[in-house]
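Observations on the three-dimensional arrangement
Listed below are the residues making up each chain.
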Amino acid sequence: MIDIPAAPVSPLPTAEDDISEDDRSLGLAIRKARQAQNLSLQQVAEMVNISVGLLSQIERGISSPSIRALRLICAVLDMPVHALFNGSEAAVEQEARRIVRVNQRRRVSFGAKGMVKEFLNAHNEGVLQVMEITLEPNGGSGEDTYNHEGEECGVVLEGRLEIHIDGSIYRLAEGDSFYFESPLPHRFRNLADGQTRVLWITTPPVW
């Protein structure tokens, strides 16, 4: 009896084998945008009204999202649809270095001082630092003056601000702006009964 060797059996194709490069790039861009927002698969899936499994497949490039689902995903991630196709991953990374969405701001609260700083720069690698400072009534930088290297300027967006610069006192209303050299001793406080908001720019970054 002659033994005939069995023909080699090729492994069955899997869904992963059918992933196109376009679907892979699109899925990766969606995943990076979701992670940049610190959102889970579950959170995004619920807001888009699709299953977690489908969203996971979209991010892995196994499934292609419908136009409606893609628009909803981008709305949840607060980004334009075209950003996912303009170089996909590279476009998402580029936006992350240029744009700060309002819900992505780095926020620091100074507690008893009644002051909150929200940083509007995407990063602190440049020469400018831009903040929106919110002061509660009587909130401010404190009773002691301070100084540091650089320059700063700003504009009062809402409320009234008192700023001390090198022994002089200035009171600013909504729309008033200021500029001074940061080595001069300075401090500031809110004069309004409600909140005061200030767009404050320093160079170089100090936070």
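See the structure above.
So, here's what we can say about the structure. Starting afresh in each chain, residues are numbered from 1 along the sequence in its written order. Side-chain atom pairs in this predicted model are given and counted only at pLDDT of 80 or more, local residue features only at pLDDT of at least 70, and totals for whole chains, interfaces and linings cover all residues. By convention in this description, side-chain values take in all heavy atoms of the structure and omit both hydrogens and water.

**Comments concerning the pattern of salt bridges**
What makes a salt bridge here is a side-chain nitrogen of Lys or Arg within 4 Å of a carboxyl oxygen of Asp or Glu, nothing more. Under the defined criterion, the tally for this structure stands at eight salt bridges. In this structure, Glu 59 and Arg 31 form a salt bridge, with 3.5 Å as the shortest nitrogen-oxygen distance. With a gap of 28 residues between them, Glu 59 in helix 3 (residues 52-60) and Arg 31 in helix 1 (residues 21-36) connect regions that are remote in the sequence. The rule is simple: take the accessible area with a 1.4 Å probe, protein chains only, and divide by the maximum for that residue type; under 20% is buried, over 50% is exposed, in between is partly exposed. Taking the relative accessible area as the measure of exposure, Glu 59 reaches 5% and is therefore buried. Here Glu 59 makes a salt bridge to Arg 34, at a shortest N to O gap of 2.6 Å. With Glu 59 in helix 3 and Arg 34 in helix 1, this pair connects stretches of sequence that are 25 residues apart. A network of salt bridges, in which partner residues are shared, links Arg 105, Glu 118, Glu 132, Glu 158 and Arg 197. Strands are runs of DSSP state E lasting at least 2 residues, helices are runs of H or I lasting at least 4, and numbering of each runs from the N terminus.

**So, unusual backbone geometry**
At the junction of Thr 203 and Pro 204, the peptide bond is cis and its omega measures out at 0 degrees in the coordinates. Within the secondary structure, Pro 204 sits in the segment after strand 9 (196-203). Here the phi dihedral of Asp 78 falls at roughly 55 degrees; this positive angle occurs in a residue that is not glycine. Turning to its location among the elements, Asp 78 is positioned in the loop between helix 4 (67-76) and helix 5 (89-98).

**Re the nonpolar core**
Among the buried residues, those of types Ala, Val, Leu, Ile, Met, Phe, Trp, Tyr and Cys that are joined through side-chain atoms within 4.5 Å form a nonpolar core. Core analysis: the largest hydrophobic core is formed by 18 residues, its most contacted members being Ile 30, Ile 73, Leu 77, Met 79 and Leu 84. Looking at this core, the elements with two or more residues in it are helix 1, helix 2 (41-48), helix 3 and helix 4. Counting residues per element, this core draws most heavily on helix 1, which supplies four residues. Contacts were defined at the residue level, with two residues in contact if any of their heavy atoms lie within 4.5 Å. With sequence-adjacent residues up to four places away left out, Ile 30 is seen in contact with Ile 58, Glu 59, Leu 70, Ile 73, Leu 77 and Leu 84. Judged by nonpolar contacts, the second largest core, of 15 residues, contains Met 115, Ile 133, Leu 161 and Phe 178.

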